[in-house]
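Survey of secondary and tertiary structure
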Amino acid sequence: VQLQASGGGLVQAGDSLRLSCAASGRTFSSYDMGWFRQAPGKEREFVGAINWSGGSTDYADSVKGRFTISRDNAKNTVYLQMNSLKPEDTAVYYCAAALSRTWYPRSLVNEYDYWGQGTEVTVSS
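None of these values were measured; they are calculated from a predicted model.

Rules of the game
Residues numbered from 1 in each chain as written. Predicted model: local features only at pLDDT ≥ 70, side-chain atom pairs only at ≥ 80, totals over all residues. Heavy atoms only, no water. Helix = DSSP H or I, 4+ residues; strand = E, 2+ residues; numbered from the N terminus. Pairing = 2+ DSSP bridges. Axes fitted to C-alpha atoms, helices over the stretch in contact; angles between N-to-C directions. Phe/Tyr/Trp six-rings, centres within 6.5 Å; stacked < 30°, edge-to-face > 60°. Buried < 20%, exposed > 50% of the residue type's maximum accessible area, 1.4 Å probe, protein only. Lys NZ or Arg CZ within 6 Å of the ring centre and 35° of its normal.

**Focus on unusual backbone geometry**
One non-glycine residue, Asn 76, lies in positive phi territory at about 55°. Relative to the helices and strands, Asn 76 resides in the loop between strand S7 (67–72) and strand S8 (77–82). For Ser 84, which is not glycine, the phi torsion reads 50° and is therefore positive. Within the secondary structure, Ser 84 sits in the loop between S8 and strand S9 (91–99).

Shown next, in the form of structure tokens:
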């Protein structure tokens, strides 16, 4: 599966932004999806994940209550709705796919099989 992330940009603290990740192929619903981010000089970190059906989600503590992951399997797309953005949310955001067998909240980079190219989010104070 090929992934294309989009929707990043420059926003002010407190604003909202929605990222999208479009997947190619007919088997999108076979994949659990994740969002990660990487700030300059830092390691890539887990943001959140959603299972193949959209019925289960998991979030990093740093974004819990502010970010929401959803998916539309008919459109082969997963979304990351980001509200109440903070300057520390500034990073390149990546979507990732893991072939779903049994759902569990995958939070490690090496648990995902495919990655998108990333979209940059900058939050000014």
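**Details of the sheet that holds strand S1 (residues 3–6)**
Ordered by their spatial adjacency, 4 strands build an open sheet running S1-S3-S8-S7, and the pairing between neighbours is antiparallel. Of all the strands in the sheet, the pair left with one neighbour each is S1 and S7. Strand-to-strand twist of the sheet, defined as the mean angle between neighbouring strand axes without regard to direction, takes the value 15°.

**Points about the packing of aromatic side chains**
One pass over the structure, following the stated rule, counts 5 aromatic pairs. Look at Phe 36 and Tyr 112: their rings are 5.3 Å apart centre to centre, the planes differ by 80°, and that puts the pair in the edge-to-face class. Here Phe 36 is found in strand S4 (residues 31–38), whereas its partner Tyr 112 is found in the loop between S9 and strand S10 (114–115), with 76 residues between them in sequence. With respect to burial, Phe 36 and Tyr 112 carry one shared label: buried. Aromatic side chains Tyr 112 and Trp 115 sit 6.1 Å apart centroid to centroid with 65° between the ring planes, which places their arrangement in the edge-to-face category. Grouping aromatic residues by their ring pairs yields a cluster made of Phe 36, Phe 46, Tyr 112 and Trp 115. Residue placement shows Arg 44 over the ring face of Tyr 94; its charged tip is 3.7 Å from the ring centre. The ring of Trp 115 carries the charged tip of Arg 44 above its face, separated from the ring centre by 5.0 Å.

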